[in-house]
There are 2 protein chains.
Amino acid sequence: MLKYQQIAADIEQEIVDKDLQQGDKLPVLDAFMAQFDVSKSTITKALDLLEKKGIVYQVRGSGIFVRRHKRRGYISLLSNQGFKKELDGFQITSEVLALDIRRPTAEAARNLAVNPEESVYYVKRVRYINGQTLCIEESYYNKSVVSYLNNEIVSESIFNYISDALGLNIGFSDLYFNVGKINKKEAELLRLPDASPGLFMEQIFHLTNGQPFDFSKITYNYEQSQFFIQANNYFL
Amino acid sequence: MLKYQQIAADIEQEIVDKDLQQGDKLPVLDAFMAQFDVSKSTITKALDLLEKKGIVYQVRGSGIFVRRHKRRGYISLLSNQGFKKELDGFQITSEVLALDIRRPTAEAARNLAVNPEESVYYVKRVRYINGQTLCIEESYYNKSVVSYLNNEIVSESIFNYISDALGLNIGFSDLYFNVGKINKKEAELLRLPDASPGLFMEQIFHLTNGQPFDFSKITYNYEQSQFFIQANNYFL
DNA sequence: TTATTTAATTGTTACGGTACAATATAAAAT
DNA sequence: ATTTTATATTGTACCGTAACAATTAAATAA
């Protein structure tokens, strides 16, 4: 792990350990320089990382402060790690409805930037949280990136598999969503009345080199869906 | 405007002018250094800014590439400028239903970090896009930041007023949302059937010094609401 | 041709330094 | 007391340098 990453992790851990709240002041730059025995620019880089992650904000002439933590139970749309096994203490489980290799839809081929003739992995899952249905998820994986998948990998975290087993780095994702009424099939899987409200999301994940490898369409149970985003103002 | 901001703006403009697409390669760092006659770290800073904004991504050993533009008609949740007058060519207008000074709700007081006894500005608006209802918006403004508001300011952009007239800098915002069914009142204002799907959003805007100044609750017309987010993977 | 190794390209980390701008604090003036 | 002015604090911009790591391209070997 690089110096600035380690320092960022240490500072973040300290915020948790000391249970610092929104607006609480952290030590000044010079203090961090002394504490970690690195140059000013390395500290600055660590703090910029924490700022991007929404952990702190910096005010020139004043100091470095803790930013608001998200409310409990909300899904952060910027963490970009797919689903984890847990969310604020709630267990997340998943049931695999389909796992096969097939021709992508035109839409999937476009978003994965693959030839429509070239077959891809297709996975359909239902996820549960706290005993309730959370969402239905249909994912297409670029086979030239994710060359092998099985039931075990899919029911665990695919993202961990890609990072750890394949040694690939997930870089960024684009996310589109809108709201509508779910259809009969979706209603059945989500155990909701037909035409209930639903959140429809499309997400395209890319490696750090820009290659898209995962195109997912997710339909959320509106009763279980609470989301969180932190935005920064990067105006020019 | 600072050097690195100007350079970022220039590069962004060039991407637009040359109509560069996802994956297209930009000149290398050394070329930018020569073009703008600045040091490497200034170019890096400009590119990091463009990366945060989701305009480009950088790959070590390979180059700097254009990132996907959002699809047309989607509202970007990270731009953080409130509503503009226009979205992808569609006119956005707004009708002011209420504008007064009152005691904040407990919720508003908490989110604005003001004393519940201390009165705040309250604004209720309906926004329209392309002749359709877009959303209902109830906003609370901290009076110690936004000391004066009138009908004209409110029906134009409050954010421009805060930036330009008051000389304040908007720093970051926290955004929460969930999906549900709209009630009778909301249905009427949005010109939708009762119990239609709706997206319910809460957003808290902060100045660069961390002070919250705007707490807004927005109910979106599900037929007009398409959203876009770009996420980056800042893992430690 | 295909695979492997080597070299060149290209962005990233980390250092050091100087000057500066925004804020906060202390001192002085009203 | 209140406002104004000076001073100290604190993060930001920009420069330059060196070494490094990931990728790509070229050269070599199988």
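On a predicted model such as this, the values are computed, not experimentally measured, just so you know.

### Some remarks on the overall build of chain A
Next, step 1: When helices and strands are counted, chain A shows seven helices and 11 strands.
Next, step 2: When each of the 236 residues of chain A is scored for burial, the buried share is 49%.
Next, step 3: Counted over contacts in chain A with a minimum sequence separation of 6, partners at least 24 positions apart contribute 59%.
Next, step 4: A total of about 11,100 Å² of accessible surface is found on chain A, and carbon and sulfur atoms cover 46% of it.
Next, step 5: Considering chain A, the positive charge centre built from 27 side chains and the negative charge centre built from 29 side chains are found 3 Å apart.

### Some words on the packing of helix 1 (residues 3–17) of chain B against helix 2 (residues 29–36) of chain B
All names here are of chain B.
Next, step 1: Viewed as axis vectors pointing N to C, helix 1 and helix 2 meet at an angle of 110°, and their least axial separation amounts to 12 Å. With respect to helix 2, the axis of helix 1 lies roughly perpendicular. The element helix 1 and its partner helix 2 pack so that their crossing is right-handed. Packed against helix 1, whose contacting residues are Ile7, Asp10, Ile11 and Glu14, the element helix 2 presents Phe32, Gln35 and Phe36 at the interface.
Next, step 2: For the contact of helix 1 with helix 2, the residue count by class is four nonpolar, one polar and two charged.

### Let's talk about the environment of Phe159 of chain A
Next, step 1: Looking at where Phe159 of chain A falls in the secondary structure, it is placed in helix 6 (residues 158–165).
Next, step 2: Sequence-wise, Phe159 of chain A and Phe83 of chain A are 76 residues apart; in three dimensions their C-alpha atoms are separated by 8.5 Å.

### Digging into the sheet that holds strand 6 (residues 120–129) of chain A
Next, step 1: The strand order across the open sheet built from nine strands is 4(A)-5(A)-6(A)-7(A)-10(A)-9(A)-8(A)-11(B)-3(B), with neighbouring strands paired in mixed fashion. Each of the sheet's edge strands pairs with one partner strand only, and the pair in question is strand 4 (86–87) of chain A together with strand 3 (75–76) of chain B.
Next, step 2: Of the pairings in the sheet, the one linking strand 5 (residues 90–102) of chain A to strand 6 of chain A comprises 10 bridges and is antiparallel in character. The residue bridging Arg102 of chain A from the neighbouring strand is Val120 of chain A, located in strand 6 of chain A.

### Re the packing of aromatic side chains
Next, step 1: Taken as a whole and judged by the stated rule, the model has 25 aromatic pairs over all chains.
Next, step 2: Cation over ring: Arg71 of chain A sits above Tyr176 of chain B, and NZ or CZ is 3.8 Å from the ring centre.
Next, step 3: Above the ring of Tyr122 of chain A, the side-chain terminus of Arg102 of chain A is found at 3.7 Å from the ring centroid.

### Thoughts on the side chain of Thr219 of chain A
Next, step 1: Along the chain, the position of Thr219 of chain A falls in strand 10 (residues 212–221).
Next, step 2: In this structure the side chain of Thr219 of chain A is engaged in a polar contact, spanning 3.5 Å, whose partner is the side chain of Glu186 of chain A.

### Here's the deal with the relation of the copies chain B and chain A
Next, step 1: For these two chains of identical sequence, chain B goes onto chain A by a turn of 180° and a shift of 0.0 Å along the axis, with RMSD 0.0 Å. Classification of the inter-copy transformation places it as that of a two-fold axis. Across chain B, the rotation axis passes nearest the C-alpha of Pro197 of chain B, at a separation of 2.5 Å.

### Here's the deal with the interface of chain B and chain A
Next, step 1: Each partner contributes residues to the interface: chain B has 59 residues there, and chain A has 59 residues.
Next, step 2: Between chain B and chain A, a total of about 5,400 Å² is buried, with carbon and sulfur atoms accounting for 58% of that surface.
Next, step 3: For the pair chain B and chain A, the interface holds six salt bridges.
Next, step 4: With a shortest N-O distance of 3.1 Å, Glu202 of chain B and Arg71 of chain A are connected by a salt bridge.
Next, step 5: Looking at the side of chain B that touches chain A, the elements with two or more residues in it are helix 1, helix 3 (40–52), strand 1 (56–59), strand 8 (170–181), strand 9 (197–207) and strand 11 (226–232) of chain B.
Next, step 6: Of the residues forming the side of chain B that touches chain A, the biggest block, 12 residues, is contributed by strand 8 of chain B.
Next, step 7: By the bridge criterion, seven bridges tie strand 11 (residues 226–232) of chain A to strand 8 of chain B in an arrangement that is antiparallel. Following the sheet pairing, Asn232 of chain A is matched in strand 8 of chain B by Phe172 of chain B.

### Structural notes on the protein's contact with DNA strand D
Next, step 1: Close to DNA strand D lie 21 residues; Leu29 and Gln58 of chain A together with Lys3, Thr42 and Lys45 of chain B are nearest.
Next, step 2: Contact distances for DNA strand D include 2.8 Å between a phosphate oxygen and a backbone N or O atom of Leu29 of chain A.
Next, step 3: Tyr4 of chain B is positioned with one of its side-chain polar atoms (N or O) 2.9 Å from a phosphate oxygen of DNA strand D.
Next, step 4: At the level of elements, strand 1 (56–59) and strand 2 (63–66) of chain A together with helix 1 and helix 3 of chain B are the ones that each hand at least two residues to the surface near DNA strand D.
Next, step 5: Here the surface near DNA strand D gets three residues from one element, more than from any other, and that element is helix 3 of chain B.
Next, step 6: Along the lines of polarity and charge, the residues of the surface near DNA strand D split into seven nonpolar, nine polar and five charged.

### Brief notes about the protein's contact with DNA strand C
Next, step 1: Near DNA strand C, the surroundings consist of 21 residues, among which Lys3, Thr42 and Lys45 of chain A together with Leu29 and Gln58 of chain B are the closest.
Next, step 2: The share of sugar and phosphate among atoms of DNA strand C within 4 Å of the protein is 75%.
Next, step 3: Taking Arg60 of chain A, its side chain carries an N or O atom lying 3.3 Å from a sugar or linking oxygen of DNA strand C.
Next, step 4: Between DNA strand C and Gly61 of chain B, the relevant distance is 3.2 Å, taken from a base oxygen to a main-chain nitrogen or oxygen of the residue.

### Re the UniProt feature "domain: HTH gntR-type" (unreviewed entry) in chain A
Next, step 1: UniProt's entry tags residues 1–69 of chain A with the feature "domain: HTH gntR-type" (unreviewed entry), counted in the numbering of this structure.
Next, step 2: Regarding residues 1–69 of chain A, the helix share stands at 52% and the strand share at 12%, and the terminal C-alpha atoms are separated by 25 Å.

### Digging into the pairing of strand 9 of chain B
Taken residue by residue, a regular strand's side chains alternate between the two faces of the sheet.
Residues and elements named next belong to chain B.
Next, step 1: Among the 11 residues that make up strand 9, 10 are buried, leaving the element largely enclosed by the rest of the structure.
Next, step 2: Where strand 8 meets strand 9, 11 bridges bridge the pair, whose relative direction is antiparallel. Its bridge partner being in strand 9, Gly180 is matched across the sheet by Gly198.
Next, step 3: With nine bridges joining them, strand 9 and strand 10 (residues 212–221) adopt antiparallel strand pairing. In the strand pairing of strand 10, Phe200 is matched with Thr219.
Next, step 4: A loop of four residues connects strand 9 with strand 10, the two strands running antiparallel in sequence, and Gly210 in this loop sits at a positive phi of about 95°.

About the thresholds
- Residues numbered from 1 in each chain as written.
- Chains lettered and ligands numbered in written order.
- Predicted model: local features only at pLDDT ≥ 70, side-chain atom pairs only at ≥ 80, totals over all residues.
- Heavy atoms only, no water.
- Helix = DSSP H or I, 4+ residues; strand = E, 2+ residues; numbered from the N terminus.
- Buried < 20%, exposed > 50% of the residue type's maximum accessible area, 1.4 Å probe, protein only.
- Contact = heavy atoms within 4.5 Å.
- Areas by Shrake-Rupley, 256 points an atom, 1.4 Å probe, with all protein chains shown as cover.
- Lys, Arg positive; Asp, Glu negative; His and termini not counted.
- Charge placed at Lys NZ, Arg CZ, Asp CG, Glu CD.
- Axes fitted to C-alpha atoms, helices over the stretch in contact; angles between N-to-C directions.
- Parallel < 35°, antiparallel > 145°, perpendicular 65-115°, else oblique.
- Left-handed = near helix turned anticlockwise from the far one by under 90°.
- Nonpolar A, V, L, I, M, F, W, Y, C, P; charged D, E, K, R; others polar.
- Pairing = 2+ DSSP bridges.
- Phe/Tyr/Trp six-rings, centres within 6.5 Å; stacked < 30°, edge-to-face > 60°.
- Lys NZ or Arg CZ within 6 Å of the ring centre and 35° of its normal.
- Polar contact = N/O pair within 3.5 Å; in protein donor to acceptor, adjacent residues only side chain to side chain.
- Least-squares fit on C-alpha atoms with pLDDT ≥ 70 in both.
- Buried area = accessible area lost by both parts, 1.4 Å probe.
- Salt bridge = Lys/Arg side-chain N within 4 Å of Asp/Glu carboxyl O.
- Near = heavy atom within 4 Å.
- UniProt positions renumbered as here; feature names shortened; annotations may be inferred.

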